[in-house]
Amino acid sequence: MDVDVVIIGAGIAGLSIASTLNGISSLSLVLIEGKDIGSNNPSPLTFSNVVRDFDIVDCCKEDYASFILHNYQGSSIEYRFGDSELVVLDYKRACAKLFEKLNSSVKQAVYINQHVINLYQHEDRVLVHLQDNTQIQSRIVIDASGKAQFVAGGYRRDDSCHYSHVCGGVFSNVRNPKEKLCCFLLPNSDFGSGGGWFYSIGDNKASFGYATISNSPNPDYGALRENFKRASEKFEPYSQYLVDSKLEHFEVGVIPISYVSRFVDGKIIIVGDA
């Protein structure tokens, strides 16, 4: 197969790029995903203009007109937008909708459910090798693999690699006094050097968690869980909001946050929110 563009990763980043490029009739496009569509399934915050641009407003769990920074000592500051500028996405639903639109368009992208094993640049093409030994030649490869960082891992500076090890989840039966609350919890040594979050997502549910910054890509899962548990029990007032709650969905992830020296290398482009 010889195509114009290969996109690695069918999360929000890869699917939004595919949706945009699919409108260019002259381009041949392949989208590759090793797992399921939107398999990462976090509860990410994004901006309202983004969901309008991609027609996924109905995939929002909640919207917010303010944003609060809060530290463990009790002080806080609130930023008010005047309108609903931030939203939290139903990630899998948003990915499914973008994928459905992609498949129902007049010019369909080719979707391949395979893991990418290797890729390298040769003359004016990038050669992409899949797990079933298929080889695709492409003019451009866009790495939207997110935390897998298939391509980007090779361009990180060894002396400045940092990762955010994230631990959190979605809770039901939350005692939230405000219908819509979006908070960033500043880093604290008792809970994690990466800070935390609390935001309501409707139906008496909320997303809550804490993160730790490390120079290792491998999390200490035991320590992360302990920090998360301690924060949920001690960080006021959120511990009170969660006192009778039930943990519905637990998440542990790794987000590369260190400096990438190059986002474009020859025919390869690295993209993604992180």
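Up top you'll find the structure we're talking about.
Residues numbered from 1 in each chain as written. Predicted model: local features only at pLDDT ≥ 70, side-chain atom pairs only at ≥ 80, totals over all residues. Heavy atoms only, no water.

### What about unusual backbone geometry?
Note on backbone geometry: most residues besides glycine have negative phi, and most peptide bonds are trans.
Piece 1. Of the consecutive residues Glu 236 and Pro 237, the connecting peptide bond is found in the cis state with omega at 0°.
Piece 2. As for its position among the elements, Pro 237 is in the loop between helix H4 (221-234) and helix H5 (238-241).
Piece 3. Backbone geometry places Asn 133, a non-glycine residue, at a positive phi of 75°.
Piece 4. Looking at the secondary structure, you find Asn 133 in the loop between strand E10 (125-130) and strand E11 (135-143).
Piece 5. Non-glycine residue Asn 173 carries a positive phi angle of around 55°.
Piece 6. Positionally, Asn 173 belongs in the loop between strand E12 (163-172) and strand E13 (182-185).
Piece 7. Residue Asn 173 is classed as partly exposed on the basis of its relative accessible area of 49%. (Helix = DSSP H or I, 4+ residues; strand = E, 2+ residues; numbered from the N terminus. Buried < 20%, exposed > 50% of the residue type's maximum accessible area, 1.4 Å probe, protein only.)

### Thoughts on the sheet that holds strand E4 (residues 60-64)
Piece 1. With respect to topology, 3 strands assemble into an open sheet ordered E3-E7-E4, the strand pairing being antiparallel. Two strands close off the open sheet at either side, each with one partner strand: strand E3 (45-47) and E4. When strand polarity is set aside, the average angle formed by the axes of neighbouring strands in this sheet is 35°.
Piece 2. As paired strands, E3 and strand E7 (residues 86-89) are joined by 3 bridges and run antiparallel to one another. Directly across from Phe 47, in E7, lies its bridge partner Leu 86. (Pairing = 2+ DSSP bridges. Axes fitted to C-alpha atoms, helices over the stretch in contact; angles between N-to-C directions.)

### Description of the pairing of E11
Looking down a regular strand, the side chains alternate between one sheet face and the other.
Piece 1. In this structure, strand E1 (residues 2-8) lies alongside E11, joined through 6 bridges in parallel fashion. By the bridge assignment for E11, Ile 8 is matched with Asp 143.
Piece 2. In this sheet, E11 lies alongside E10 in antiparallel orientation, the contact comprising 4 bridges. Bridged to His 129 within E11 is Gln 135.
Piece 3. Here E10 folds back onto E11 in antiparallel fashion, the turn holding 4 residues, of which Asn 133 has a positive phi close to 75°.
Piece 4. For E11 and strand E18 (residues 268-270), the ladder comprises 3 bridges, and the chain directions are parallel. Paired with Ile 142 across the strands is Ile 269, a residue of E18.

### What to know about H4
Piece 1. Taking 1.5 Å as the rise per residue, H4 with 14 residues should run 20 Å; its terminal C-alpha atoms sit 20 Å apart, in good agreement.
Piece 2. Every buried residue of H4 is listed here: Leu 224, Asn 227, Phe 228, Ala 231 and Ser 232. Seen along its axis, H4 keeps its buried residues to an arc of 130°; they face one direction.
Piece 3. Along its buried surface, H4 packs onto E12, strand E15 (206-214), H5 and strand E16 (246-256). (Expected span 1.5 Å × (residues − 1). Arc of directions from axis to C-beta. Contact = heavy atoms within 4.5 Å.)

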